[in-house]
Amino acid sequence: MSDRGGPATTGGHSYMTDFGTPERNTRDPLISIVVPALNEALNLSAVLPQLPKVHELILVDGGSVDGTVMAARRVRPEIITVLQGRRGKGNALAAGFARATGDIVVMFDADGSADPAEIGRFVEALTQGADFAKGSRFVAGGASTDSTVIRSLVSRLLNAAFNLAFRTRSTDLCYGYHAMWTDLVPLLDLPEHAGPTSNGGRMLWGDGFEIETVINCRLTAAGVSITEVPSVERRRVFGESNLHAVRDGLRVFRTLVSEWRRARQVRRMDRKLAQPTLARPSAQETIAA
């Protein structure tokens, strides 16, 4: 892990980073678990009791009508509930990040696809030196019992595009089980979570399922230390997934293109700022000449 404010290297690129605090609490970090949910009452009743006791458990509700909040409070009375300002998983995570007060924030899906027992792996990766711990179904020890052939193929193609664009060696771009030090949140530069929707009611960029791609791209571009953690994706307990392999795959691809352009613009600006300015003659020197 790089020193705060020192050079960090990711994917062959070296960037100057300026984030975090001088000393992180790596010995006994406070953990905040952020759980976005929309009509997941049945799943939360089964999943929340399995989560470990942590500093804070934050449920971000997207306006559920099935008693999601009541179900969560029934099984975990200490849970903190936040009502997101707009719609979409990205907006829910942004709202959760804004509420989190722990040293580490864990992104945990409400549908039962994430294994609570793996949280320790993510925390260990961070305390061992990583800035961002991203789950992967495609490394040794990882797997998926919920992926179809088409979803797996789309995921691998998008991951290959990500590696090509950002010169990384990632194995799993399209998986949402992640953890990071909370002091990285400003680097994500997400839309203000409580702000209004755009004209026409369309989602703001970063509010939707593209959030995992946005997080990966922006932290990679920032040059933080990233470690992949083996993870087994399980089938959701109840209900049907809202993900659509082709439709959401195209959205992720558009996100990759947009984030690649954004990262390139930032690098160009950094290079311009790093160039020494040419000394201009003073007024007296001009007169003397």
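In this text, all values refer to a predicted model and were calculated from it rather than measured experimentally. (Residues numbered from 1 in each chain as written. Predicted model: local features only at pLDDT ≥ 70, side-chain atom pairs only at ≥ 80, totals over all residues. Heavy atoms only, no water.)

Before going further, it helps to spend a moment on the sheet that holds strand β10 (residues 226–230). Here we have 7 strands laid out as an open sheet, ordered β5-β4-β3-β6-β9-β7-β10, and mixed in their pairing. At either end of the open sheet lies a strand with only one pairing partner, and these are β5 (80–83) and β10. For this sheet the average axis-to-axis angle between neighbouring strands, irrespective of direction, equals 20 degrees. Sheet analysis places strand β4 (residues 56–61) next to β5, joined by 4 bridges and oriented parallel. Opposite Asp61, over in β5, you have Leu83 as the bridge partner. Those strands touched by helix α2 (residues 68–75) are β3 (31–37), β4 and β5, and its axis lies near 165 degrees from that of β4. (Pairing = 2+ DSSP bridges. Helix = DSSP H or I, 4+ residues; strand = E, 2+ residues; numbered from the N terminus. Axes fitted to C-alpha atoms, helices over the stretch in contact; angles between N-to-C directions. Contact = heavy atoms within 4.5 Å.)

In this section: unusual backbone geometry. Positive phi values are uncommon outside glycine, yet Asn39 reaches one of about 55 degrees. Within the secondary structure layout, Asn39 lies in the loop between β3 and α1 (41–47). Classification of Asn39 by relative accessible area gives partly exposed; the value is 35%. Unusually for a residue other than glycine, Arg167 sits at a positive phi of about 55 degrees. Take Arg167: it is sitting in the loop between α5 (149–166) and β9 (178–181). (Buried < 20%, exposed > 50% of the residue type's maximum accessible area, 1.4 Å probe, protein only.)

On to the pairing of β3. Counting buried positions over the 7 residues of β3 gives 7, a clear majority of the element. Of the two faces of β3, the one holding Ile31, Ile33, Val35 and Ala37 and the one holding Ser32, Val34 and Pro36 are both buried throughout. Alignment of β3 against strand β6 (residues 104–107), held across 4 bridges, turns out to be parallel. Across the sheet, residue Ile31 finds its bridge partner in β6, namely Ile104.

The tally for this structure, following the rule as stated, stands at 4 aromatic pairs. Judged by centre distance (5.6 Å) and plane angle (85 degrees), the rings of Phe108 and Tyr177 are edge-to-face. Taken as a pair, Phe108 in the loop between β6 and α4 (119–127) and Tyr177 in the loop between α5 and β9 lie far apart in primary sequence, 69 residues in all. Of the two residues examined, Phe108 and Tyr177, each falls in the buried class. (Phe/Tyr/Trp six-rings, centres within 6.5 Å; stacked < 30°, edge-to-face > 60°.)

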